[in-house]
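Descriptive structure summary
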Amino acid sequence: MAIGIKDRVSTIGMGCSKFGERFDCSLEDLMVEAVNEALTDAGIEFNDIDAFWFGTFNSGLAGISFSNRLKSQYKPVTRVENMCCTGMEAFRNACYAVAAGVCDVAMAIGVEKLKDSGHSGLALPPVDSDRTSPELSAPAMFALLGPSYAHKYGLSIQQLREVLARIAYKNHANGALNPKAQFMAEVPMEKILNSPMIAYPLTIMDCSGVSDGCACAIITRAEDAKKYRKDPMYVKALQVAAGPAHSERHQSYDFTTVMETCHAAAVAYKEAGISEPRREISLAEVHDCFTITELVIYEDLQLSERGRGWRDVLDGKFDRDGVLPVNIDGGLKSFGHPIGASGLRMLYELWLQFHGKAGKRQQDDPRVGLAHNMGGTPYSCVSAIAIVGKELG
Amino acid sequence: MVGITSFGAYVPYNRLERKHIKAAFGKPVPPGEKAVANYDEDSITMGVAAGLECCKFVKPKSLDALYFATTTSPYKEKQCATVIAAALDTGPNLRTADFTDTLRAGSTAMLAAIDAAKNGLNVLVSASDMRLGAADGQAEASLGDGAAAFVLGNKNVVAEMLAYDSVSIDFHDQWRSDGDIFIRSWEERFCISQGYNRFMTEAAITVMEKTGLKPKDFFRIINYGVTPRYQMEQASRLGFEPDQIQDGLYLTVGNAGVANAPMMLVAALEEAKPGNKILFLTYGEGSDAIVFQVTDEILKLKPRPGIKNCLRLKKNSMNYEKYLRWRGLITTEPARRPRQERSSLPDYFRNFAKNYALYGCKCTDCNTAQFPPTRVCVQCQSIDRMESYRFYGRKGKVVTFTVDYLTDSPDPPGVVVVVDFEGGGRMFCNLADCDLDKIQVGIEVEMSFRKLFTVDGVQTYFWKAIPKMV
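Definitions and cut-offs
- Residues numbered from 1 in each chain as written.
- Chains lettered and ligands numbered in written order.
- Predicted model: local features only at pLDDT ≥ 70, side-chain atom pairs only at ≥ 80, totals over all residues.
- Helix = DSSP H or I, 4+ residues; strand = E, 2+ residues; numbered from the N terminus.
- Rg over C-alpha atoms; globule rule 2.2 N^0.38 Å.
- Domains from an automatic or database assignment.
- Contact = placed C-beta atoms within 7 Å.
- Pairing = 2+ DSSP bridges.
- Axes fitted to C-alpha atoms, helices over the stretch in contact; angles between N-to-C directions.
- Buried ≥ 20, exposed ≤ 12 C-beta atoms within 10 Å, placed from the backbone.

**As for the overall build of chain A**
- In terms of helices and strands, chain A carries 15 helices and 11 strands.
- Over its C-alpha trace chain A gives a radius of gyration of 20 Å, about what one expects of a compact globule, namely 21 Å for 393 residues.
- Along the first, second and third principal axes, the C-alpha atoms of chain A reach 55 × 45 × 45 Å.

Structure representation (structure tokens):
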């Protein structure tokens, strides 16, 4: 009988590079930046780490992309790829290895170097196929949620765009307070609303940026955590749901939700023993690759009632001073989305918040945090959720 | 009795008003507009569209042969007729051939089909063309794009072939040598007096003598028209009255080369009554002449929108620059996006039924229609309980859509729609030939065979949605 991951492993140190257009940095530079911070944070040596889970979507192949650069000494390094859930997946697998007792200290690291490609937007590595499916840009995939959401809940496209602009505004306002963010500036509502169309109904200000970045976590068994520090972060749930393309192929799906996220959330809450997510979760870091994604996530994670997400946005529920702050670090919107790194970057913010180190973003005594990624399209994806807490139990 | 058993035509939705060419270069141009194949259309896709019209009355699987006629084949080596056969879903057991290189290719293919029909074969002929004239030239203004298709057979004949004649004489008036993009031509008076008028008149007179018919006995004369003036003069000299002369589509479509006279024939047949006789004359290194007589069977063809509707439904807001871009005649800055990857040909071939004839599947356990075809049912997870299920021809409705300004396209922005089909099944595809401000959740769409892209010389064809035109 599976017993789940709750309170079996903990994080004892985390690191996160500055995110942005790091033309000054190589993949090695980004990783050294994050790893150094995590080692100092945990108070351990690099060679104390027994095994590595190295997450990158497209910036390297195999474990040697990590070991060659960090000079890890013939230790196991597993390259992990699960699209935008890559960082979260590296974390999940490292946690599982520690929980299984096959190593004492593991590192999960996620990194991506997007700005060396020369493309604008995100470029996906080609897979051989007949190429008859329409090849949508990333914003276009998510923009498909727009007309259907507006249609179902009786909003005009203009009303929807105002809701989305409000999400963008919130995340940039949060990012303005985060020195590691790609964009450290508030953006006025008017500028957001008047930005150019990228994929109707999404404008450029509905999109997250394209950046380079790296984040990592050092993981031990929960019972050993206090050997390293008095204030570890405990893992409460780790779930990944990969969809069967039902949404893509079946008329019952109506493009107002992401089924994979609904499924991952239901299992994650069960694993963590959470019955009232709206009350029990202090903060959530969610996958705001596009503002419309964040809107739908509120409902899929049960942070809003179905069809009420847009009202909650307008009511300020998810603002920094709202009842349930979402993407308090600025989100993908302010950090950009170096794919492999994003999941661990979200956990890094929860780590800072639990340790009172979030500066002007600091919340009053957060206890439980949720991080969420989704990789793929709203109609066919993997969705990953991690729930972490400040205390055992 | 052999003759035409079904017919259909296709005119691209987009038209370029000729005044835009004048605006670019300042020289006088003929009035009217020219039909312009969209960037994702070519002779093959237009040939498919006309062929599909024909197949409203004839089962594609009943065809014994399919001939394609064009001077603008997208390939120098590789047959086009097989693409059209696959898109029409004829199955593999038929004869296919391309008739090319001459403006007479359409009628020559029809005569070959008539000969085959005498032996009891059912033959579909699709004639399609989209020739290019160099910028600021006569041909650029006068040419247009289009297609027409006929099925020829010996059962349910709607227009009986009474007689035919061919004149074949090597003659240089217009030509493109290997590697030429644009038509070259000799000085006009030589072309008209020594070629156009002479060959077509000879063929017309011979075929009238064979049938004993006089000009007054005909409902219409369909004579390939270089320009309306030359077309009218020729028909008048042969003894036809103005109201007998079929409109050459010059003002609405332009000269569609191989497809010009066949499109006129479709237009005439749409108006013809039983007993009407039609003189059909084509041109190119000689002339083919065929006399048809319409039969009672024509009354049995269900009414349909036809070429009349194709001519009415149009978008003529394009400018000259867009025309140049669609035809690849100007080099534009590429988007800063990864270059288009080619199709994997093994994967394309494995998906033959899906890609050409728009087949999905339907689960025999739970009855759920699905696209693209799959082995494991998305509804009930049954394995290998699928039967193939064709989506072409089914009503589709837009569930949601987006307008993608990032996509690299000769006609940005790209429009992507999710289509739900009546009877089940969902498909993601591009929406072509649409007006951006008319796209909404819930609009009805049809499927159209298009060219997605060309990489390494491989043309990748697939289906797109188009708004249902009313």
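On we go from here.
**Notes on the domain arrangement of chain B**
Residues and elements named next belong to chain B.
- We note that the domain assignment places domain 1 (3-326) and domain 2 (347-467) within chain B.
- For domain 1 versus domain 2, the separation of C-alpha centres amounts to 31 Å.
- Each side of the interface is counted separately: domain 1 has 18 residues, and domain 2 has 17 residues.
- At the level of secondary structure, the elements contributing two or more residues to the side of domain 1 that touches domain 2 comprise helix H2 (43-54), helix H3 (81-88) and helix H10 (320-326).
- If you tally residues by element for the side of domain 1 that touches domain 2, the top one is H2, at 4 residues.

**Let's talk about the sheet that holds strand E2 (residues 51-55) of chain A**
Residue and element names in this part refer to chain A.
- The sheet built from 9 strands is open, its strands ordered E3-E2-E4-E7-E1-E8-E11-E10-E9 with mixed pairing. Since the sheet does not close on itself, it has two edges, and those belong to strand E3 (77-80) and strand E9 (283-285), each with one partner. Here the average twist between neighbouring strands, direction ignored, is 25°.
- Relative to strand E11 (residues 380-389), strand E8 (residues 233-242) runs antiparallel, the two being bridged by 8 bridges. Counterpart to valine 240 in the pairing with E11 is alanine 384.

**Structural notes on the environment of arginine 95 of chain B**
All names here are of chain B.
- Structurally, arginine 95 is set in strand E5 (residues 95-100).
- Taking the C-beta count within 10 Å as the criterion, arginine 95 has 14 such neighbours and is therefore assigned partly exposed.
- Once the C-alpha coordinates of arginine 95 and leucine 63 are considered, the two residues, 32 residues apart in sequence, prove to be 9.0 Å apart.
- Excluding anything up to four places from it in sequence, arginine 95 contacts Asp64 and Ala65.

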